[in-house]
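Residue-level structure breakdown
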Amino acid sequence: MKQAVFIERDGILNLTRVERQHQVGPMTLEELRVNTAAVPLFVKLKAAGLLLIATTNQPGLSRGYQNRRELDRMHDLLRKTFALDDLLVCPHDETDRCPCRKPNPGLLVDAGFKWHLDLERSFVISDKWQDAEAARTAGCTSLLLDSPWVGKVHRDFILPGLDAMAEKILRLKSSGRFVAA
Ligand SMILES: [Zn+2]
């Protein structure tokens, strides 16, 4: 079975704005600022045999303020830039009560089936608690970037930067810590 790194889009693959203490993602290709500094780290993780799968909550799709075409244009660019194997979107609003809106683990679980993943030996990278919670429920190891949005839920590691995260993942992967007894 394969191992994956699940990557939250906003704050990791692209930069975000902060408005009234909330992180605001880009709505158009023109607004998208790719986090180019992260590219070599994901190249390393991919070279180590990990699948790269981005995940994102996009409630603007069901609320009507996110244009689908612009979203697709942004995601095409992110897929190419980071050589992503997949990019999974929850298009729902909170009120839809879907299983895929993070902190629910639906996107991770679906990817697990689609890509034949060993979720217990897969990783989640984010700067927000919702991803750590999804990781915990799905059985993945979570690594959070130190940020104002890490909250208080369980996470396996908090790290100061993406370099440290990539190193930690490579070390955990080669240590075989995840091999089931
Ligand atoms: Zn959903």
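Report on the accompanying structure. Predicted, not measured: the structure shown is a model, and the values here were computed from it. (Residues numbered from 1 in each chain as written. Predicted model: local features only at pLDDT ≥ 70, side-chain atom pairs only at ≥ 80, totals over all residues. Heavy atoms only, no water.)

Describing the packing of aromatic side chains
The description of an aromatic ring pair uses the distance of the two centres, along with the angle that the planes make with each other. Heads up, the rule is: Working definition: rings of Phe, Tyr and Trp (its six-membered ring) pair if their centres are within 6.5 Å, and the pair is stacked with planes under 30 degrees apart, edge-to-face with planes over 60 apart, and tilted otherwise. Helix and strand assignments come from DSSP, with helices taken as H or I runs of at least 4 residues and strands as E runs of at least 2, each series counted from the N terminus.
Evaluated as defined, the whole model comprises 1 aromatic pair. Each ring, one from Phe-42 and one from Phe-82, has its centre 5.7 Å from the other, and the planes form 85°; the classification is edge-to-face. With a gap of 40 residues between them, Phe-42 in helix H1 (residues 39–47) and Phe-82 in helix H3 (residues 68–82) connect regions that are remote in the sequence.

Notes on the coordination of the zinc ion
Selection criterion: Sites may look incomplete, because water is not among the atoms used; the donor set itself consists of N, O and S atoms within 2.8 Å of the metal (3.2 Å for Na, K and Ca). Under the classification used here, a metal with four donors is tetrahedral if each angle lies between 85 and 135 degrees, square planar if opposite donors are over 155 degrees apart and the others between 65 and 115, a six-donor metal meeting that same test is octahedral, and anything else is irregular. Accessibility here uses a 1.4 Å probe with only protein chains present; expressed as a share of the type maximum, an area under 20% marks a residue as buried, one over 50% as exposed, and anything in between as partly exposed.
The coordination sphere of the zinc ion contains the protein donors Cys-90 (SG), His-92 (ND1), Cys-98 (SG) and Cys-100 (SG), at a distance range of 2.0 to 2.3 Å. Coordination at the zinc ion is tetrahedral: its 4 donor atoms span angles of 99 to 116° at the metal. Between consecutive donors of the zinc ion, the numbers of intervening residues give the motif C-x1-H-x5-C-x1-C. In terms of burial, Cys-90 and Cys-98 fall into one category: buried.

Here we look at the pattern of salt bridges
Note the following rule: Just to be clear on terms, a salt bridge is a Lys or Arg side-chain nitrogen sitting within 4 Å of an Asp or Glu carboxyl oxygen.
Applying the stated criterion across every chain, the model contains 16 salt bridges. Linking Arg-63 and Asp-93 is a salt bridge whose minimum nitrogen-to-oxygen distance equals 2.8 Å. Taken as a pair, Arg-63 in helix H2 (residues 60–63) and Asp-93 in the loop between strand E5 (86–90) and helix H4 (106–115) lie far apart in primary sequence, 30 residues in all. You can call Arg-63 partly exposed: its relative accessible area is 40%. Given the relative accessible area of 16%, Asp-93 is considered buried. Put simply, Arg-171 and Glu-167 hold a salt bridge, and the shortest N to O gap is 3.5 Å. Here Arg-171 pairs with Glu-167, and both are found in helix H6 (residues 162–175), just 4 residues apart, close to one helical turn. Residues joined by salt bridges that share partners form a network here, namely Glu-8, Lys-102, Asp-127, Lys-128 and Asp-131.

A word on the pairing of strand E1 (residues 4–8)
The side chains of a regular strand alternate, residue by residue, between the two faces of the sheet. Quick note on the threshold: For two strands to count as paired, DSSP must find a minimum of two bridges between them.
Burial of E1 is extensive: 5 of the 5 residues sit out of reach of the surface. Burial along E1 is two-sided: Ala-4, Phe-6 and Glu-8 facing one way and Val-5 and Ile-7 facing the other are all buried. Here E1 pairs with strand E6 (residues 123–126) via 3 bridges, running parallel. Counted as the bridge partner of Phe-6 is Val-124 from E6.

Observations concerning the environment of Leu-52
What counts, and what does not: Throughout, a contact is declared for two residues whenever any of their heavy atoms are within 4.5 Å.
Tracing the backbone shows Leu-52 in strand E4 (residues 51–57). Judged by relative accessible area, Leu-52 falls into the buried class, the value being 0%. In sequence terms Leu-52 and Ala-135 are 83 residues apart; their C-alpha atoms lie 15 Å from each other. Ignoring anything within four residues of it in the chain, the contact list for Leu-52 reads Val-5, Ile-7, Phe-42, Leu-45, Lys-46, Phe-82, Ala-83, Leu-84, Asp-85 and Asp-86.

Side note on H1
Given 3.6 residues per turn, any residue in an α-helix points the same way as the ones three and four places further on. Worth spelling out the cut-off: The directions considered for the arc run from the helix axis to the C-beta atoms.
Inspection of H1 places Leu-41, Phe-42 and Leu-45 among the buried residues, and these make up the whole buried set. Buried residues along H1 cover an arc of 95° about the axis, so they all sit on one side. Within H1, the exposed residues directed more than 90 degrees away from the buried face are Val-43 and Ala-47. The secondary structure elements touched by the buried residues of H1 are E1, E4, H3, E6 and H6. One or two positions beyond H1, positive phi appears at Gly-49, with a value near 100°.

What to know about the pairing of strand E7 (residues 141–145)
So the rule is basically this: A clockwise course of the path from the first strand over the helix to the second, judged with the strands pointing away from the viewer, identifies a crossover as right-handed.
With 5 of 5 residues buried, E7 is to be regarded as a mostly interior element. Because side chains alternate across E7, one face comprises the buried residues Thr-141, Leu-143 and Leu-145, and the other comprises Ser-142 and Leu-144, equally buried. By the bridge criterion, 4 bridges tie E6 to E7 in an arrangement that is parallel. Residue pairing for E7: Ile-125 is matched across the bridge by Leu-143. For the segment spanning E6, helix H5 (residues 129–138) and E7, crossover handedness is right-handed. Alignment of E7 against strand E8 (residues 157–159), held across 3 bridges, turns out to be parallel. Across the sheet, residue Leu-143 finds its bridge partner in E8, namely Phe-157.

Fair warning: the whole summary comes from geometry, so function is off the table for now.
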